[in-house]
Structure formats: C-alpha cells, structure tokens
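Read off the chains here:
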Amino acid sequence: MSHNSAVAVYKSVLESICSDGLYKDERVITSPQSGKVMVSFPQGNEPKEIINLCANNYLGLSSHPEVIKAAHQGLDNRGFGMSSVRFICGTQDIHRTLETKIADFLGMEDAILFGSCFDANGALFETLLTAEDAIFSDKLVHASIIDGIRLCKAQRHIYEHADMNDLEEKLRTHASNARIKLIMTDGVFSMDGDMAPLNKIVELAEKYDALVAVDDSHATGFIGRTGRGVHEHYNVMKKVDIITTTCGKALGGATGGVIASKKEIIELLKQRARPYLFSNALMPAVVNATLKVLEILSASTERRDRLEKHTKCWRKSLTEAGFDLKAGNTPIVPVMLYDAKLAQEVSRDLYAEGVFAVGFFYPVVPKGEARIRTQLSAALEQSDLDQALDAFVKIGRKHKVIK
Ligand SMILES: *Cc1c(COP(=O)(O)O)cnc(C)c1O
C-alpha cells in the first residue's frame with residue numbers, strides 16, 4: 001500500500017466521523033485550571049472567561065497556591081526530571097514517602113506509583129493473573145481496565161452494569177474452575193456518575209473467595225465522609241483488596257497513577273509490572289505537590305464538604321428545571337440529550353452563555369446515549385452555579401429539551 005492510499009483511508013474515516021456528528025473539537029484554554037477559565041473557541045478566537053463545569057478538578061486543588069508552592073520546592077530541591085525508571089536510578093525518598101502516605105490515606109498496606117492510572121490498570125491484570133485465573137468485571141469499566149484485561153490471559157466474565165444477580169450467577173458458574181478470582185469495577189463510573197454497589201460486591205467476594213479490585217479515580221479525595229473513596233462511603237474499607245487510582249483528578253490533577261494493596265501484591269508489581277519497569281519515574285515536582293495535597297486533605301474535609309453541597313444543589317436545580325439526569329449522588333452529573341448533534345449544539349450554545357460543558361457521545365458513551373456531562377468542583381462559587389443554571393434553562397428551552 002502506498003503512503004497516499006493509506007492517507008486516503010484515514011481521510012475517509014475522518015470524513016465519516018465528521019458527517020456522523022462525532023468529531024471532537026478541542027477547546028483551547030489560556031489560563032490555569034480553575035472554577036473559571038479563559039477559553040478560545042472556535043480555536044483562534046479571542047479567549048473569554050467561562051464557568052468550568054467539565055474539569056476533574058473536584059477539590060479545586062489544581063491551581064491551589066500551596067500545591068503550586070510544593071511543586072516549585074520539588075523542582076528546586078530535586079530537579080526537573082528523573083531520567084530513569086524507578087528500579088534503575090529513578091527512586092527518590094519522596095517517591096517512597098508518597099507511596100506510604102497514599103497507602104495510609106486509602107487504608108491499605110502499601111502502594112506503587114505509575115506514570116498514570118491508565119498504566120496502573122495496564123499493569124494490574126497481566127502481573128497478577130494467568131490463564132488459570134478468572135476476572136469478573138462490570139460491563140461499563142473504564143477503557144484502561146478493558147485494555148489492561150486484554151493484556152492478560154485470565155478467563156474473562158463481564159457482568160451487566162452493577163447487576164449483582166448477574167455477578168453472582170457468573171461467580172457461581174465459573175469461580176470453581178479458577179485459581180484466583182478477581183472482581184473488577186470502577187468505584188464511580190465516569191460517564192454516568194453512579195457508584196458501584198461495593199458493599200454487595202464484597203459480600204459476594206467473601207462468599208465465592210474472590211479478590212475485589214476497585215478503580216477509584218473519580219472518588220479518591222472526595223467520596224466517603226473523609227474522602228477516602230467508595231470503600232469508605234460503603235463502610236468496607238478493610239474488605240477491598242486492591243485500589244487503583246489517579247493523581248490526575250481530585251489530587252491536584254497533574255499526573256500519576258497508583259495501585260494500593262497488600263504488601264506482597266505491591267512487591268510483586270514492583271518486580272514484574274511492565275509499565276513500572278519500562279516507563280519513567282514521576283517527576284519530583286508532581287510527587288512533592290501530591291504529598292502536599294494529601295496533607296491538605298488529611299487536615300480538613302472542608303473541600304469535599306463544599307463539593308457535596310454544590311453537588312446536591314446542582315442536581316436539585318437541574319431536576320426542578322425539568323432536565324433528564326442520570327440518577328446518582330456524585331459530582332458527575334450527566335444531562336441526558338440522547339443525540340450526538342444536539343449535544344454538540346447545546347454545548348456550543350452554553351459556551352456562548354459563558355458555560356464550559358462538553359458533549360459526550362459515541363465512542364465515549366454508547367450510541368443513542370449522548371449527553372452533556374457536568375462536573376462540580378469546590379473551586380466553583382454558588383454564584384457560578386446560579387449563572388450556569390440560568391444558561392442551562394435558556395439553552396434547554398431553545399432546543400426544546402425542557403419546557
Ligand atoms: C481518568 C481515569 C483513568 C486514567 O487516569 P490517568 O491517570 O489520567 O491515566 C483510569 N481509570 C478511571 C476510572 C478514570 O476515570
């Protein structure tokens with residue numbers, strides 16, 4: 001195949017993405033991440049300030065002065081880059097300190113850091129499971145979990161989303177044929193904003209002698225009374241075997257992934273996990289800043305409390321205005337529109353009204369389930385939410401989404 005014909009193939013794929021209304025335009029931000037950001041859209045236009053309802057900056061720590069200061073200190077004291085993977089010469093004392101502190105925060109024995117949670121999920125299954133073992137995973141797990149599972153040879157059983165009867169049926173049928181059984185779920189599902197029924201999952205795990213692994217990327221720092229995660233919310237903190245999570249969302253939002261678990265599991269991951277052995281260590285500025293985030297979160301629950309208050313208020317206001325929301329009680333609040341083009345138009349009109357909320361459609365959600373996903377943040381003011389609600393009502397009426 002010549003170069004030109006390959007390019008023609010890709011061009012026609014791109015054209016069909018466009019004609020299906022599925023093309024994603026990136027909006028360019030020209031300010032730090034915060035409750036309000038400067039955005040230039042369409043690209044090249046003069047940037048304007050808008051209310052940000054689509055960041056994973058749940059606790060408003062992405063541009064917190066103390067976090068920035070800690071990052072500067074990391075940079076000044078330990079340099080810019082590690083120029084090595086962890087096991088060669090990429091482990092500083094602060095990497096180990098962060099692993100210990102994050103394990104403590106999550107209520108686990110130990111932890112291992114990765115470049116991202118995508119890498120953590122890429123490492124988990126292939127390292128711990130073989131063809132003798134079995135994975136039972138929720139149908140709606142994150143893309144990185146799906147890819148991670150593809151890398152290992154364990155038998156794979158997918159249960160219907162959050163359906164405990166189906167999970168039990170699959171455990172009953174297949175658990176006895178496997179050496180190690182692992183149940184894998186997201187703690188909070190990123191597209192729908194609902195929580196996995198972790199209390200019931202751990203009961204089934206006990207009954208069928210399975211390990212429980214939870215990806216708490218959209219929960220660490222703010223779900224549960226002191227923000228430990230979905231296991232705290234359901235009061236099952238000692239019953240979850242493995243937690244994967246990210247430093248790239250509530251914990252300052254820079255970069256970094258984590259697996260926290262029993263010490264033998266962490267030790268084995270450090271010996272065998274390919275994304276750990278063959279990818280660079282986290283930069284000291286990020287490590288130092290994430291340590292500061294954990295210190296802030298351990299000192300006070302003020303930020304997660306404020307986020308919870310915003311979440312309740314926003315869900316209530318949108319529901320009363322007549323919008324169709326996905327049910328739940330997390331700061332991920334999806335406004336259902338069902339049609340990809342409509343979701344794009346509503347998002348564009350909201351931008352004109354000073355609100356940044358992005359349309360989600362295939363392939364990130366199933367076909368026919370397009371939506372605007374809104375996300376709350378402790379960085380938002382009540383006045384921002386009031387203004388955003390006015391914009392949603394105006395644009396909702398314009399498109400006949402509400403009366
Ligand atoms: C965001 C996310 C990830 C990826 O995290 P990164 O650190 O950005 O790679 C993994 N799993 C879930 C559930 C996520 O929401």
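Just above, that's the structure.
Parameters at a glance
- Residues numbered from 1 in each chain as written.
- Predicted model: local features only at pLDDT ≥ 70, side-chain atom pairs only at ≥ 80, totals over all residues.
- Heavy atoms only, no water.
- Helix = DSSP H or I, 4+ residues; strand = E, 2+ residues; numbered from the N terminus.
- Rg over C-alpha atoms; globule rule 2.2 N^0.38 Å.
- Buried < 20%, exposed > 50% of the residue type's maximum accessible area, 1.4 Å probe, protein only.
- Contact = heavy atoms within 4.5 Å.
- Areas by Shrake-Rupley, 256 points an atom, 1.4 Å probe, with all protein chains shown as cover.
- Lys, Arg positive; Asp, Glu negative; His and termini not counted.
- Charge placed at Lys NZ, Arg CZ, Asp CG, Glu CD.
- Arc of directions from axis to C-beta.
- Expected span 1.5 Å × (residues − 1).
- Near = heavy atom within 4 Å.
- Polar contact = N/O pair within 3.5 Å; in protein donor to acceptor, adjacent residues only side chain to side chain.
- Nonpolar A, V, L, I, M, F, W, Y, C, P; charged D, E, K, R; others polar.
- Salt bridge = Lys/Arg side-chain N within 4 Å of Asp/Glu carboxyl O.
- 1 Å grid on protein atoms, 1.4 Å probe; cavity = no way out; pocket = protein on both sides within 12 Å on 5 of 7 lines; lining within 4 Å.
- Points joined across faces, edges and corners; volume = space filled by probe spheres on them.
- Phe/Tyr/Trp six-rings, centres within 6.5 Å; stacked < 30°, edge-to-face > 60°.
- Pairing = 2+ DSSP bridges.
- Right-handed = clockwise from strand over helix to strand, strands pointing away.

> Even after reading the chapter, I still don't get the overall build of the protein, so can you show me in this structure?
Secondary structure assignment for the protein yields 15 helices and 14 strands. For 403 residues, the compact-globule estimate of 2.2 N^0.38 gives 22 Å, and the protein sits close to it at 22 Å. Across the 403 residues that make up the protein, the buried fraction comes to 54%. A fraction of 69% describes how many contacts in the protein between residues 6 or more apart in sequence connect residues 24 or more apart. A total accessible area of about 18,500 Å² is found for the protein, and carbon and sulfur atoms account for 52% of it. Each charge class in the protein can be summarised by its mean position, and for the 49 positive and 51 negative side chains these summaries are 1 Å apart.

> What's the story with helix α6 (residues 143-150) in this structure? I'm lost.
Each turn of an α-helix holds 3.6 residues, which means side chains three or four residues apart point in the same direction. Residues of α6 that are buried: S144, I145, G148 and I149. For α6, the arc enclosing every buried residue in end-on projection is 135°, short of the 170-degree limit, so these residues lie on one face. Looking at the buried residues of α6, the elements they touch are α5 (117-128), β5 (134-138), β6 (155-159), β7 (181-186) and β8 (211-215).

> I keep staring at helix α15 (residues 382-398) and nothing clicks. Help me out?
With 17 residues, α15 extends 25 Å between its outermost C-alpha atoms, agreeing within 8% with the 24 Å of an ideal straight helix rising 1.5 Å per residue. Within α15 the residues assigned to the buried category are D384, L385, A388, L389, A391, F392, V393, I395 and G396. Within two residues after α15, K400 carries a phi angle of roughly 60°, on the positive side.

> Please explain the site of the ligand as it appears in this structure.
Close to the ligand lie 13 residues, the nearest being C117, D215, H218, T246 and K249. Here an oxygen atom of the ligand sits 2.8 Å away from a polar atom, N or O, in the main chain of C117. Interatomic distance of 3.0 Å between a backbone N/O atom of F118 and an oxygen atom of the ligand. The protein chains hide 83% of the 380 Å² of surface that the ligand would expose on its own. Of all the elements, α5 adds the most residues to the shell around the ligand, at three residues. A breakdown of the residues in the shell around the ligand according to their chemical character gives two nonpolar, eight polar and three charged.

> Where do I start with the pattern of salt bridges in this structure?
Between side chains of opposite charge, pairing is possible as soon as their charged atoms come close. Tallied over the full model, the rule gives 27 salt bridges. Residues D93 and R78 are paired through a salt bridge, measuring 2.5 Å at the closest nitrogen-oxygen approach. Taken together, the residues D93 in helix α4 (residues 93-106) and R78 in helix α2 (residues 65-78) connect sequence positions 15 residues apart. The exposure class of D93 is partly exposed, given its relative accessible area of 48%. Classification of R78 as partly exposed rests on a relative accessible area of 32%. Salt-bridge contacts for D133 lead to R179; the nearest nitrogen and oxygen are separated by 2.8 Å. Linking D133 in the loop between α5 and β5 with R179 in the loop between α7 (164-174) and β7, this pair joins segments that are 46 residues apart in sequence. Taking relative accessible area as the criterion, D133 reaches 0% and is therefore assigned buried.

> Can you walk me through unusual backbone geometry in this structure?
For residues besides glycine, phi is generally negative; the peptide bonds are generally trans as well. For the bond from Y362 to P363, the omega torsion is 5°, close enough to zero to count as cis. Within the element layout of this structure, P363 appears in the loop between β13 (358-360) and β14 (370-375). The phi dihedral of K400 is positive, around 60°, even though this residue is not glycine. Tracing the backbone shows K400 in the segment after α15. Of the residues examined, K400 reaches a relative accessible area of 73% and is grouped as exposed.

> Please clarify how the layout of surface pockets should be interpreted in this entry.
The rolling of a water-molecule-sized probe over the atoms marks out the regions of remaining empty space. Quantified by volume, the largest pocket comes out at close to 1,200 Å³. Taken together, 47 residues make up the lining of the largest pocket; nearest its centre are S190, M191, F360, V364 and R373. At the level of elements, α6, α14 (340-352), β13 and β14 are the ones that each hand at least two residues to the lining of the largest pocket. Taken together, the residues of the lining of the largest pocket break down into 20 nonpolar, 13 polar and 14 charged.

> Before we go on, may I ask you to explain the packing of aromatic side chains in this structure?
Aromatic rings in a pair are described by how distant their centres are and how their planes are angled relative to each other. In the structure shown here, the tally under the stated rule is four aromatic pairs. Both rings, one in Y58 and one in F222, keep their centres 4.3 Å apart while their planes meet at 35°; by these two values the pair is tilted. A residue pair is termed long-range when its members are at least 10 positions apart, and Y58 in the loop between β3 (48-52) and α2 and F222 in the loop between β8 and α9 (230-233) qualify at 164 residues. Judged by its relative accessible area of 0%, Y58 falls in the buried class. On the basis of relative accessible area, F222 is assigned to the buried category, the value being 3%.

> How do you make sense of the side chain of H95 when you look at a structure like this?
Here H95 lies in helix α4. The contacts of H95, once residues within four sequence positions are left out, are M82, R86, G90, L113, A281, L282 and V287.

> Would you take a moment to explain the pairing of β5 for this structure?
The two faces of the sheet receive side chains in turn, since in a regular strand these alternate between them. Within β5, five of the five residues are buried, which leaves it mostly tucked inside the rest of the structure. Across the two faces of β5 the burial is the same, with A134, F136 and D138 and I135 and S137 all buried. Where β5 meets β6, five bridges bridge the pair, whose relative direction is parallel. Counted as the bridge partner of S137 is I158 from β6. Chirality of the crossover, the property in question, places the unit of β5, α6 and β6 among those that are right-handed.

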